[in-house]
Amino acid sequence: MFNYWLVLGLAVFTEIIWALSLKYVQTHPSPWVIAGSVALSFVNMALLSFAMRGIPAGTAYAIWTGLGAVGVTVGGIIWFGDPLGAARVAFLGLIVVGVVGLKAVSP
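These numbers come from a predicted model, not from an experiment. (Residues numbered from 1 in each chain as written. Predicted model: local features only at pLDDT ≥ 70, side-chain atom pairs only at ≥ 80, totals over all residues. Heavy atoms only, no water.)

Digging into the overall build of the protein
Argument step 1. Within the protein, the secondary structure is distributed over four helices and zero strands.
Argument step 2. If you list the helices and strands of the protein from N to C, you get α-α-α-α.
Argument step 3. Across its three principal directions, the C-alpha atoms of the protein cover 45 × 35 × 15 Å.
Argument step 4. At a minimum sequence separation of 6, the contacts of the protein that also span at least 24 residues come to 70%.
Argument step 5. Counting only carbon and sulfur atoms, one obtains 76% of the accessible surface of the protein, whose full area is about 6,500 Å². (Helix = DSSP H or I, 4+ residues; strand = E, 2+ residues; numbered from the N terminus. Contact = heavy atoms within 4.5 Å. Areas by Shrake-Rupley, 256 points an atom, 1.4 Å probe, with all protein chains shown as cover.)

Below, the structure is given as structure tokens:
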């Protein structure tokens, strides 16, 4: 079971890198950057699909999207100068609480 959670963690990581790569494509378009983004998309979906073999689909998807959203927001703040405010931090915290709760009640 631990392996499925590890794969889900890798899927979250690739989700974050993939989503940030979409922003990077907009600022640095090139065939290689676009190809990298497309490749990350396929890897991302394959990892999520594999993780769902041992984790309920709704739980895996919620964790994948929730942590992906938090990671992309933090990455956007760090690398692209996206705005940071108290409300954004509070709502990101709520997402993390939800993810922890889902993990806590998962079989």
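Some points on the UniProt feature "transmembrane region" (unreviewed entry) in the protein
Argument step 1. Residues annotated in UniProt with the feature "transmembrane region" (unreviewed entry) correspond here to residues 29-48, 60-80 and 86-105.
Argument step 2. Helix makes up 100% of residues 60-80 and strand 0%, whereas the separation of the span's terminal C-alpha atoms amounts to 28 Å.
Argument step 3. Secondary structure across residues 86-105 divides into 100% helix and 0% strand, with the first and last C-alpha atoms of the span separated by 29 Å. (UniProt positions renumbered as here; feature names shortened; annotations may be inferred.)

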